[in-house]
Amino acid sequence: MKTKRYSLLKCNWVVCFVFFISLLLSFKNSFAEQGKIRVLFVGNSLTYVNDLPKMISQIAQSRNFVMENDMYAPGGYKLSQHALDPVLKDKINHSKWDFVVLQEQSQLPAFSKEQVSREVYPYAETLSQLIKQSNSKTRVVFYMTMALKDGDQENIKIFPELATYEGMQKKINPSYIQMAQQNQGILVPVGVVWQKVRSDKPELELYADDRHPSLIGTYLTACVFYSILFHDSPIGISYPSQIDEGTANYLQRITEQTVKSQSWDWL
């Protein structure tokens, strides 16, 4: 990865959440201040494609931080499967993690409120409780994912609002907000930042296929994670040699501007 140097929304009715997220973003992470954190990433291919944890770790290293990490991300896994998986339970219990990142399957959070309440929220709570029981100081982190590139075409007969990327992202966001609120977790608003980039610079190809990130997409995701986990500006961080300097600088700037905004136009 090369190193290069690098300084964005409206208030909506979710006042209590804006206050909640503002508190999280103003929180100075004591682990990051010491220069080293330990993170377990729990998800599926949206986490393992392009090795997101490794990229975040490399970015941190460019700022003289250390992020030790492990990843458990079987392809297509849902939180409901993770909640019953003894391998994951062992990973949670046998290390003192500073953060455990939870990422749901890409489509589920966009389904109806009733289905999400039945198939997503209970397992986010089960995993959060398991993490806290293992170590009360571990912070639970929710990776708000990006919508499918062209919406969820598989399910538009059941959920017509998912026919477009924008419609699907609009459904995903509040599901992750709810998970973070219910479990006193930290939210990493990857989906919000991706939506901003897609609107601002549609020529940038964030996707490798209909749902998985390209290298640029993973780098953008890593910028958002770095900003939240280390409570540090992404401007000037390292970037992969395959990404040109102008693109990297833009992604760093858009991340900082969006993450720092106190009122995100999410819904």
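Residues numbered from 1 in each chain as written. Predicted model: local features only at pLDDT ≥ 70, side-chain atom pairs only at ≥ 80, totals over all residues. Heavy atoms only, no water.

(A) Structural context of the overall build of the protein chain. Along the protein chain, the regular secondary structure elements total 12 helices and seven strands. Out of the 267 residues in the protein chain, the part that is buried amounts to 56%. Summed over its atoms, the accessible surface of the protein chain is roughly 11,700 Å², and 50% of this surface lies on carbon and sulfur atoms. (Helix = DSSP H or I, 4+ residues; strand = E, 2+ residues; numbered from the N terminus. Buried < 20%, exposed > 50% of the residue type's maximum accessible area, 1.4 Å probe, protein only. Areas by Shrake-Rupley, 256 points an atom, 1.4 Å probe, with all protein chains shown as cover.)

(B) Summary view of the confidence of the model for the protein chain. Of all residues in the protein chain, 85% have pLDDT values of 70 or greater, and the mean over the chain is 89. In the model, residues 3–27 has pLDDT below 50 throughout and makes 68 contacts with residues more than four positions away in sequence or in other chains. (pLDDT = per-residue confidence, 0-100. Contact = heavy atoms within 4.5 Å.)

(C) Just the side chain of Asn44, in detail. Here Asn44 shows up in the loop between strand 2 (36–42) and helix 3 (45–48). Residue Asn44 is classed as buried on the basis of its relative accessible area of 3%. Separated by 2.8 Å, the side chains of Asn44 and Gln103 make a polar contact. If we ignore the near neighbours within four places in the chain, the residues touching Asn44 are Ala73, Pro74, Gly75, Gly76, Tyr77, Gln103, Glu104 and Gln105. (Polar contact = N/O pair within 3.5 Å; in protein donor to acceptor, adjacent residues only side chain to side chain.)

(D) The arrangement of the pairing of strand 2 in detail. Burial of strand 2 is extensive: five of the seven residues sit out of reach of the surface. Alignment of strand 2 against strand 4 (residues 99–102), held across four bridges, turns out to be parallel. Of the residues in strand 4, the one forming a bridge with Phe41 is Val101. (Pairing = 2+ DSSP bridges.)

(E) Summary view of the sheet that holds strand 2. One open sheet holds the five strands; their spatial order is 3-2-4-5-6, and the pairing between them is parallel. The two strands at the open ends of the sheet, each matched to only one other strand, are strand 3 (66–72) and strand 6 (186–188). Each adjacent strand pair in this sheet contributes to an overall mean axis angle of 25 degrees, direction not counted. With respect to the sheet, helix 11 (residues 215–229) is in contact with strand 2, strand 3, strand 4, strand 5 (139–143) and strand 6, its orientation differing from that of strand 6 by roughly 155 degrees. (Axes fitted to C-alpha atoms, helices over the stretch in contact; angles between N-to-C directions.)

(F) Geometry of the nonpolar core. Core analysis: the biggest nonpolar cluster contains 80 residues, and Leu102, Phe142, Tyr219, Phe225 and Leu229 have the highest contact counts within it. It is helix 11 that provides the largest number of residues to this core, a total of nine residues. Beyond its immediate chain neighbours, meaning those up to four positions away, Tyr219 contacts Met55, Ile59, Ile237, Ser238, Tyr239, Pro240, Ile243, Ala248, Leu251 and Gln252. (Core = buried A, V, L, I, M, F, W, Y, C linked by side-chain atoms within 4.5 Å.)

(G) Just helix 4 (residues 52–62), in detail. Within the sequence span of helix 4, burial applies to Leu52, Pro53, Met55, Ile56, Ile59 and Ala60. All buried residues of helix 4 fall inside an arc of 165 degrees around its axis, so they share one side. Buried positions along helix 4 lie against strand 2, helix 3, strand 3, strand 5, helix 11 and strand 7 (238–239). Positive backbone phi, approximately 65 degrees, marks Asn64, located one or two places after helix 4. (Arc of directions from axis to C-beta.)

(H) Spatial organisation of the side chain of Ser128. Mapping Ser128 onto the fold places it in helix 8 (residues 121–134). At 2.8 Å, the side chain of Ser128 forms a polar contact with the backbone oxygen of Ala124.

(I) Representation of the environment of Pro174. Along the chain, the position of Pro174 falls in helix 9 (residues 165–182). Spatially, the C-alpha atoms of Pro174 and Lys113 are 9.8 Å apart, while their sequence positions differ by 61 residues.

(J) Structural context of the pattern of salt bridges. Going through the model one piece at a time under the given rule, you end up with 10 salt bridges. For Arg38, the salt bridge goes to Glu68, with nearest N and O atoms at 3.0 Å. A residue pair is termed long-range when its members are at least 10 positions apart, and Arg38 in strand 2 and Glu68 in strand 3 qualify at 30 residues. A relative accessible area of 25% means that Arg38 is categorised as partly exposed. Among the residues examined, Glu68 registers a relative accessible area of 32% and is labelled partly exposed. Across the pair Arg211 and Asp210 runs a salt bridge whose closest N-O atoms are separated by 4.0 Å. Residue Arg211 is classed as buried on the basis of its relative accessible area, which comes to 15%. Shared partners join several salt bridges into a network, and the residues in it are Lys36, Arg38 and Glu68. (Salt bridge = Lys/Arg side-chain N within 4 Å of Asp/Glu carboxyl O.)

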